Protein chains: 4
Amino acid sequence: MGSFKGHALPGSLFLVAGIWWTGKYSLLHAIRKNKNIGSTRFASRASQRRLEIFENSVILFFSFVGMVAEQFVADGPRLHLYDFTEKHWKYLHNWQHATMYLFFGLAAIVSLIVHAAEAAPLALDRLMLGIAFFNEGFLFLYHLHGRSMLDVHVHQLLLYAVFGQALIACLETFHRGNVILELLRCTLTLLQGSWFWEIGFVLYPPSGPEWDLNDHSNMMFITMCYSWHLAFAMLVVGVLYCTISSMVRSRLKRTPPVEMGLLKMQERDAESEDENL
Amino acid sequence: MGSFKGHALPGSLFLVAGIWWTGKYSLLHAIRKNKNIGSTRFASRASQRRLEIFENSVILFFSFVGMVAEQFVADGPRLHLYDFTEKHWKYLHNWQHATMYLFFGLAAIVSLIVHAAEAAPLALDRLMLGIAFFNEGFLFLYHLHGRSMLDVHVHQLLLYAVFGQALIACLETFHRGNVILELLRCTLTLLQGSWFWEIGFVLYPPSGPEWDLNDHSNMMFITMCYSWHLAFAMLVVGVLYCTISSMVRSRLKRTPPVEMGLLKMQERDAESEDENL
Amino acid sequence: MGSFKGHALPGSLFLVAGIWWTGKYSLLHAIRKNKNIGSTRFASRASQRRLEIFENSVILFFSFVGMVAEQFVADGPRLHLYDFTEKHWKYLHNWQHATMYLFFGLAAIVSLIVHAAEAAPLALDRLMLGIAFFNEGFLFLYHLHGRSMLDVHVHQLLLYAVFGQALIACLETFHRGNVILELLRCTLTLLQGSWFWEIGFVLYPPSGPEWDLNDHSNMMFITMCYSWHLAFAMLVVGVLYCTISSMVRSRLKRTPPVEMGLLKMQERDAESEDENL
Amino acid sequence: MGSFKGHALPGSLFLVAGIWWTGKYSLLHAIRKNKNIGSTRFASRASQRRLEIFENSVILFFSFVGMVAEQFVADGPRLHLYDFTEKHWKYLHNWQHATMYLFFGLAAIVSLIVHAAEAAPLALDRLMLGIAFFNEGFLFLYHLHGRSMLDVHVHQLLLYAVFGQALIACLETFHRGNVILELLRCTLTLLQGSWFWEIGFVLYPPSGPEWDLNDHSNMMFITMCYSWHLAFAMLVVGVLYCTISSMVRSRLKRTPPVEMGLLKMQERDAESEDENL
C-alpha cells in the first residue's frame, strides 16, 4: 500500500466490522440468556437469518469493490501482471491485496449459501472466515522481505491479531455459539483495525517528523503500544457488551410478554440458529 | 526427482485422490443427512466396506508399483544404497521416494485390516494416513539443504499442504465422520496435487525461458499463486459437493421408498461405519 | 528492572500467589470430593464468592500500587515518556512494567464483575488471567534485544513458565474446575516466582563474585537448575495438596453432620460455582 | 554420555519399556473389548492395581540406581558439581542425566501414590510421565551447543520421539484409556529406544570406519533411517497387538465361563480402573 490512506482504509473497515460483530454477538447472547423471560420476541430465527444475509451481502459488496478498486485505480494494474518488455512482475502489491479481498468475498458467498440456501453444513461459514484471515496473514508473512527493522516489526505484531482471528474462527467451527470465543475474535478484529491506523501513523506520519525505523527504543515503545491497543480493544468490547446486556434486560422488564400461549408458539420457531447444529 | 515428469506424476496421483475422496465423503454425507427419506438404500454398511477395501487395494497397488519403479527404473538403485568403492551414499532420492510410498502402503494395509478383518480400532486408518503424510512432509523438510531460494520456497509452500493434511487426519482420529474436516482434507489434497504441477512448471519449465530462482519478485508472485491454487481447490470441492448433494436429493424424490417394512430392516444394517465408533 | 530487588519483589509476589492458589484449589477439590459425607458445610457458594472477591480485590490493590510505584519512585517517569529535548523515549522499562501490572489489574476487575455482579460469563476470569500472563510474556519476549547470552537465556527460561500459565489459563476457560490443570498452573506460578529470585541471584549477585555471562557451561548449569526449580515447585504443590486433603478428611470424621434435614437445605445453595457453568 | 555403551543402555531400557507397555495396553484393551464373553476373569481391578504398583516400583528402582550410578561411577562427580579451585562447573553431563532419572523417579512415586493410596486424581500419573518426558527433551535441547552437524541432527531427531511422547502422555491426561493414543506412545517409546542404539552406532561406531559428521549426504541418509525405525516400531507394535488380541480371544473360546452367578459378582469389582475416572 505504501501510504497513510492505504492503511487507514482497511483499519476503518476492520474497526467497523469489530464493533458490528461485538454488537451482534452481545445481543444474541443476551437474548439466549434471557429466554425464560420472553427475550425471543426480539430475534426469531427468521430475523437472525436475515441479519446474516444482510451482513454477508455487505461483506461481499465491499470485497468486490475492493478487488475492482485495486485493479482500476489511477496507477493500478488493469488486470496486467507481467511486463513482457522488461521481463518482470508488476503491480504485485495490488494483486496481493485483491487476493485478500477475494478470500473474504469467497467467505461471504459461502456464508450466503449456508444461511440462505441451507445447502451446506452451518459451521462452514466460520471455517471460511478462518481461511480468509489465514490467507491474509500468510500473504503478509511473505510481504516483509528486505524492509527496515521497525517496518517488519509493526507488521509482525499485526500478524498476531490476524492469525489469532484465524485460529479462533477455526475453533468456532467446533465450538459454535461460545460467547467467549466470539467476543475474543471481536477484540482481535478491533485490535487489527486500530493497529492498521497505528502502522499508518508510524510509517507514513501525516504530520510531524519521520520515525527512525532502525532505533531499538522505538521498537520497544511500539511493542508496549500494541499492549495498550489490546487493552483499549478489550475495554470497547467490554463496555459494548455490558451496555447491550443491560439494555435488553431493562427493555424486557418494561414490556412483559403479553400472552403466554402466543409466546410458546413463537418460541418454537425462534430458536437460535446456532443451537441447531 | 529433478524433472518435470517427476513432479507431474505425484501431482496427478494426488489430484485423482483428492477428487475421489471429495466424491466419496460428499456422497456419504448426503446419505447420512437424508436418512429419514430412505437414502440408506444407496449405501448399506456392507457396500461401504467394499468401497473402503477397493480404495485401499488401489492405494496399496500404486504404493507397491511406486516402490518397485523407484528401485528398478533405468538409472535406479536396484536395492543398492552405498557405493563401497567411492565410499558415499548413492540414489538417496530414489530411496527417499520409496520410503514415502512405503508409508502410504503401510497405511493402506492397516486400513485393509481395519475394514476387512475388523481386528483393530476403526480410527486407526486415519491415524496411519496422518503418519504417512507426516512422514512425507518430514522427508521433504530435510530435503532442501543448499538449494536456491525459489526452489526452497516452493517446496516449503508444499509443506503447508502436506502437514495440514497430516494434522487434519490426526484430528479425524478423534472426530471421525466430521464432514468439514473431511472436505478440508480433500481441499488440501487437491492443493498438494496442483502445486506439484506448479513446481514442475516453475523449476523445470517444459517450454519457454527459465525462471530466475533468486529474484525476490518471483517469490512474491509464487506466494500469491499458492493462494490462487487454494481458492481453486476450494472451488472444485465446493462444486463437487453441491452437485453430489443435489443429485442424491433429486434421485431420492424420483424413486420413493417402496415398502416401509422392508426399509426398516435395511436401515438397521445400513448404518454408516463411522457411527459405530 | 536491573537490580536484585527488582527481581526479588515480583518473585515473592508470584510465590505467595502460587501458594495461595494451591491452597484454594486443593481445599475446593477436597470439598467437592467429600460432598457425600457433608463437606459442603465448610464452603457454601456464598463463601466461595466472598473468597473470590477478596482475592481479586487484593490483586487489584497490588496492581494499582505497582503501577503507581513504577511511575512515582525516586527516578521514575512521573507519567513522562518522551524526552522532547533529546528526542528519544525515556523510562521505557518502568512503563513496560506498569503495563504488565495494568493487565493483571484488568483481569482482577473483570473477575470482580464476574463474581460480584454476575453480569458476564463465568469463564471470563480465566481468559483474562490467560491474557494477562500472555501479555507479560509478550513484553518480556521483545525485552531481550542485545543482552548477553546468559541474560537472554534465563529470561527465555522464564518465558516457558509464563506462556505455560497463559496456555493453561486459556484451557481452563473450556475445562473449568479440572483440578489437574489448576494444580499445574499453581506449579508454574511457583516456578515463575522462584525463578525470578534465581535471575536476581545470577544477574545481580548480592554477594560473592559476578557470573561470567558468556560461559557456555554456566548456561548448561542454569538449564539444569530450571529443572530442579520445577521439581521443587511440584514438591511444594504435592505436599500442600496432600496436607489439605487429609486435614479436610480428618476434620470431617471428627465432626459428623448434625442434622440431615438442615444439611440438605444447605447443600442446595452450597454447590460449587464451578459446577454452574 | 560420549560412549557407545552410554547410548545403548538407555536405548535398551526404552526398548524394554516400549514392549512392556505395548503388551500391557493390548491386553487391557482386549479384555475391555471382550467383556461380554467373560474376559474380566483375567484381570480384576485388584490385579490391575497390583500390575501398576509392580511396574512403577521397577521404574522407581531403575531411576534410583541410575541416579546413584551417574554419581558414583569410576569418574563420576560423587555429589561434587563446582570446582572451586579452577572456578568452573564439572560433571555437568552426569548431573543432567541424574536429573532426567530424577523426574522419571518422581513420576513413578506419584503413580504409586495414585494407584496404591488413591489419594490423588487418577490422571496425574500420565501428567507426571508427560512432564518427565518433557524434562528429558528440554535438557537434551540445550545439550547440543557447539557440536558437529550430524551429532546435532541425530539428537534433534531423537527429540521428535521424546516430545511426541510428552505430548501424547499429556493428551492421555484428558483422554485416558484411548487405545490409539496408548499404542502411539508405545511406538514412540520403541522408536526412542532403537534410535538411541542408532546414535551409538553412528557417533561411536564399535567397529568399522568413523562417519564423516559434516557430510550432507550422511544427514539425508540418517533422516531416511529415522523413517525406517518408525516403520519398524509400528510393525513391532502391530504384531504384538494382533498376537495378544487373538490369544485372548482363543483362550476365551476354549474355557467358557463356568457359573454366571459367580461371574456377575466378579464383574462388579473387575471394572477397569480407567473407567472410574
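This structure is a prediction, so every number in the text was calculated from the model and none was measured.

Engineer: Can you walk me through the relation of the copies chain D and chain B in this structure?
Structural biologist: Here two copies of a chain appear, and what relates them is a rotation about an axis with a shift along it. It takes a turn of 90° to lay chain D on chain B, together with a shift of 0.0 Å along the axis; the resulting RMSD is 0.0 Å. This pairing of chains is accounted for by a four-fold axis.

Engineer: What is the right way to look at the nonpolar core in this model?
Structural biologist: Within soluble globular proteins, side chains that are nonpolar generally end up buried alongside one another. By size, the foremost hydrophobic cluster in this structure holds 253 residues, and its most contacted members are Trp195 of chain A, Trp195 of chain B, Trp195 of chain C together with Trp195 of chain D. What Trp195 of chain D contacts, discounting residues up to four positions off in sequence, is Val154, Leu157, Leu158, Ile222, Cys225, Tyr226 and His229 of chain D.

Engineer: Mind showing me how you'd approach the interface of chain D and chain B here?
Structural biologist: Frequently, the measure chosen for interface size is the accessible area that the parts lose on association. Opposite the 26 residues of chain D that make contact, chain B presents 28 residues. Taken together, both faces of the contact between chain D and chain B bury some 2400 Å²; the carbon and sulfur share is 79%. If you sort the residues of chain D by the area they bury against chain B, Ile180, Met220 and Met224 of chain D come out on top, with a joint share of 24%. Joining chain D to chain B, the criterion identifies zero salt bridges. Our count for the chain D to chain B interface comes out at four residue pairs in polar contact (both at pLDDT 80 or more). Among the elements of the structure, α1 (4–33), α5 (149–174), α6 (179–203) and α7 (216–254) of chain D are those that each provide at least two residues to the side of chain D that touches chain B.

Engineer: What's the story with the side chain of Asn94 of chain C in this structure? I'm lost.
Structural biologist: Residues and elements named next belong to chain C. Tracing the backbone through its elements, the reader meets Asn94 in helix α3 (residues 92–117). A polar contact of 3.1 Å, which involves the side chain of Asn94, links it to the backbone oxygen of Glu70. Look past the residues within four positions of Asn94 in its chain and what remains in contact with it is Glu70, Val73, Gly76 and Pro77.

Engineer: What should I look at first to understand the confidence of the model for chain A in this one?
Structural biologist: Low pLDDT means the predicted atomic positions in that stretch should not be read closely. Residue and element names in this part refer to chain A. On average, residues of chain A score 85 in pLDDT, and 89% of them are at 70 or above. Looking over chain A, one finds the lowest element-wise mean pLDDT in helix α8 (residues 260–269), namely 46, and the highest in helix α6 (residues 179–203), namely 95. Segment residues 260–272 is flagged for pLDDT under 50; beyond a separation of four residues in sequence, or across chains, it makes 17 contacts in the model.

Engineer: How should the UniProt feature "transmembrane region" (unreviewed entry) in chain A be read in this particular structure?
Structural biologist: Residues and elements named next belong to chain A. UniProt's entry tags residues 12–32, 53–74, 94–115, 127–145, 157–174, 186–206 and 226–244 with the feature "transmembrane region" (unreviewed entry), counted in the numbering of this structure. Across residues 127–145, helical content stands at 79% and strand content at 0%; the span's end C-alpha atoms are separated by 29 Å. Strand forms 0% of residues 157–174 and helix 100%; the C-alpha atoms that close the span are 27 Å apart.

Engineer: Mind showing me how you'd approach the interface of chain D and chain C here?
Structural biologist: Taken together, the contact pairs 28 residues of chain D with 25 residues of chain C. Counting each side, the surface lost to burial between chain D and chain C is near 2400 Å², with a carbon and sulfur contribution of 79%. The tally of links between chain D and chain C comes to zero salt bridges. Counting residues per element, the side of chain D that touches chain C draws most heavily on helix α4 (residues 124–141) of chain D, at nine residues. In the side of chain D that touches chain C, the residues fall into 21 nonpolar, seven polar and no charged.

Engineer: What is the right way to read the packing of helix α1 (residues 4–33) of chain A against helix α2 (residues 45–72) of chain A from this model?
Structural biologist: Helix packing for two helices is described by the angle between their axes and how far apart those axes are. Residue and element names in this part refer to chain A. Viewed as axis vectors pointing N to C, α1 and α2 meet at an angle of 175°, and their least axial separation amounts to 13 Å. When the interaxial angle is binned, α1 and α2 end up roughly antiparallel. Within the contact between the two elements, α1 uses Leu13, Trp20, Trp21, Lys24 and Leu28 and α2 uses Gln48, Leu51, Glu52, Phe54, Glu55 and Phe62. Per-class residue counts for the contact of α1 with α2 are seven nonpolar, one polar and three charged.

Engineer: When you look at the side chain of Thr223 of chain C in this model, what are you seeing that I'm missing?
Structural biologist: Looking at the secondary structure, you find Thr223 of chain C in helix α7 (residues 216–254). For Thr223 of chain C, a relative accessible area of 0% gives the class buried. A polar side-chain atom of Thr223 of chain C sits 2.9 Å from a polar atom in the side chain of His153 of chain C. Look past the residues within four positions of Thr223 of chain C in its chain and what remains in contact with it is His153 and Leu157 of chain C together with Phe138, Leu139 and Tyr142 of chain D.

Engineer: Can you help me understand the pattern of salt bridges in this one?
Structural biologist: If you walk through the whole model with that rule in mind, you get 28 salt bridges over all chains. When the shortest N-O distance is used, the salt bridge between Arg176 of chain A and Asp125 of chain A registers 3.1 Å. Of this pair, Arg176 of chain A sits in the loop between α5 (149–174) and α6 while Asp125 of chain A is found in helix α4 (residues 124–141), placing the two residues 51 residues apart along the sequence. By the burial criterion, Arg176 of chain A is buried, and Asp125 of chain A matches it. Residue Asp151 of chain B pairs with Arg147 of chain B through a salt bridge whose shortest N-O separation is 3.5 Å. Classification of Arg147 of chain B as partly exposed rests on a relative accessible area of 26%. Taken together, the salt bridges that share partners define one network made up of Arg126, Glu172, Glu182 and Arg185 of chain A.

Criteria and thresholds
- Residues numbered from 1 in each chain as written.
- Chains lettered and ligands numbered in written order.
- Predicted model: local features only at pLDDT ≥ 70, side-chain atom pairs only at ≥ 80, totals over all residues.
- Heavy atoms only, no water.
- Least-squares fit on C-alpha atoms with pLDDT ≥ 70 in both.
- Core = buried A, V, L, I, M, F, W, Y, C linked by side-chain atoms within 4.5 Å.
- Buried < 20%, exposed > 50% of the residue type's maximum accessible area, 1.4 Å probe, protein only.
- Contact = heavy atoms within 4.5 Å.
- Buried area = accessible area lost by both parts, 1.4 Å probe.
- Salt bridge = Lys/Arg side-chain N within 4 Å of Asp/Glu carboxyl O.
- Polar contact = N/O pair within 3.5 Å; in protein donor to acceptor, adjacent residues only side chain to side chain.
- Helix = DSSP H or I, 4+ residues; strand = E, 2+ residues; numbered from the N terminus.
- pLDDT = per-residue confidence, 0-100.
- UniProt positions renumbered as here; feature names shortened; annotations may be inferred.
- Nonpolar A, V, L, I, M, F, W, Y, C, P; charged D, E, K, R; others polar.
- Axes fitted to C-alpha atoms, helices over the stretch in contact; angles between N-to-C directions.
- Parallel < 35°, antiparallel > 145°, perpendicular 65-115°, else oblique.

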